[in-house]
Amino acid sequence: MDAETWAAAQSSPEFAQLRKRLRNFVFPVSALFLVWYLVYVLLADYAHGFMSIKLVGNINVGLVLGLLQFVSTFAITTWYVRYANKNLDPVAEKIREDVEGGGK
């Protein structure tokens, strides 16, 4: 494949749509997760009383929020995979077919 083929694929409306869909998912979700993480860190640093509230036995708010960091990471990953399968992969497959097959 030559550079012209790749340049044409990159300048196609399908590629622009793919980039837009990816950015519309990744940027807001990344910002939301970073805010969630920052809130957790700030609470851990400045809200010792709140974070040390015991919920059940030796399990406190800080531990639960810390574990929810992992849960939210897995949830975001699952969400992204579903989003990509539905909204990104079909467009990427079309672009790949156009590039490899010459749009036939």
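Per an unreviewed UniProt entry, the recorded name for the protein chain is DUF485 domain-containing protein, and the organism is Saccharopolyspora aridisoli.

1. Considering the pattern of salt bridges
Under the definition given, this model contains 3 salt bridges. Residue Glu93 pairs with Arg96 through a salt bridge whose shortest N-O separation is 2.4 Å. Of this pair, Glu93 and Arg96 both sit in helix H4 (residues 61–101), 3 residues apart, roughly one helical turn. The exposure class of Glu93 is partly exposed, given its relative accessible area of 31%.

2. Considering the UniProt feature "transmembrane region" (unreviewed entry) in the protein chain
The sites that UniProt annotates as "transmembrane region" (unreviewed entry) are residues 25–43 and 55–81. The span residues 25–43 carries 100% helix and 0% strand; its end-to-end C-alpha distance comes to 27 Å. Between the C-alpha atoms that bound residues 55–81 the distance is 34 Å, and the span itself is 78% helix and 15% strand.

3. Considering the packing of aromatic side chains
Tallying each qualifying case throughout the model produces 3 aromatic pairs. Summarising the aromatic geometry, the rings of Phe25 and Tyr83 are spaced 4.7 Å apart at their centres and angled 20 degrees between planes, so their arrangement reads as stacked. Of this pair, Phe25 sits in helix H2 (residues 13–46) while Tyr83 sits in helix H4; the two residues are 58 residues apart in sequence, bridging distant segments of the chain. Across the pair, exposure class does not vary: Phe25 and Tyr83 are buried alike.

4. A closer look at a nonpolar patch on the surface
A cluster of nonpolar side chains, namely Phe50, Ile53, Leu55, Val56, Ile59, Leu63, Val64, Leu67, Leu68, Phe70, Val71 and Phe74, defines an oily patch on the protein surface of about 1100 Å² accessible area. Only strand E1 (54–56) and H4 provide two or more residues apiece to the nonpolar patch. Mapped onto the elements, Ile59 comes out in strand E2 (residues 59–60).

5. Topic: H4
A rise of 1.5 Å per residue sets the reference length of H4, with its 41 residues, at 60 Å; its end C-alpha atoms lie 56 Å apart and thus fit the reference within 8%. Measuring from the side-chain oxygen of the N-cap residue of H4 to the backbone nitrogen of Gly62 gives 3.2 Å; that N-cap residue is Asn60.

6. As for the packing of H2 against H4
At a closest axis distance of 10 Å, the pairing of H2 and H4 adopts a crossing angle of 180 degrees. Between H2 and H4, the angle falls in the class roughly antiparallel. By residue class, the composition of the contact of H2 with H4 is 20 nonpolar, 7 polar and 3 charged.

7. Quick word on the nonpolar core
Ala9, Leu18, Phe25, Val29, Tyr83, Ala84, Leu88, Val91, Ile95 and Val99 together form the largest nonpolar core, which totals 10 residues. Mapped by element, the contributors of at least two residues to this core are H2 and H4. Those residues in contact with Val29, other than ones at most four positions away along the chain, are Ile76 and Trp79.

So, how was this worked out
- Residues numbered from 1 in each chain as written.
- Predicted model: local features only at pLDDT ≥ 70, side-chain atom pairs only at ≥ 80, totals over all residues.
- Heavy atoms only, no water.
- Salt bridge = Lys/Arg side-chain N within 4 Å of Asp/Glu carboxyl O.
- Helix = DSSP H or I, 4+ residues; strand = E, 2+ residues; numbered from the N terminus.
- Buried < 20%, exposed > 50% of the residue type's maximum accessible area, 1.4 Å probe, protein only.
- UniProt positions renumbered as here; feature names shortened; annotations may be inferred.
- Phe/Tyr/Trp six-rings, centres within 6.5 Å; stacked < 30°, edge-to-face > 60°.
- Patch = residues over 30% accessible without salt bridge, like charges linked within 9 Å, V, L, I, M, F, W, Y side chains within 5 Å.
- Areas by Shrake-Rupley, 256 points an atom, 1.4 Å probe, with all protein chains shown as cover.
- Expected span 1.5 Å × (residues − 1).
- Polar contact = N/O pair within 3.5 Å; in protein donor to acceptor, adjacent residues only side chain to side chain.
- Axes fitted to C-alpha atoms, helices over the stretch in contact; angles between N-to-C directions.
- Parallel < 35°, antiparallel > 145°, perpendicular 65-115°, else oblique.
- Nonpolar A, V, L, I, M, F, W, Y, C, P; charged D, E, K, R; others polar.
- Core = buried A, V, L, I, M, F, W, Y, C linked by side-chain atoms within 4.5 Å.
- Contact = heavy atoms within 4.5 Å.

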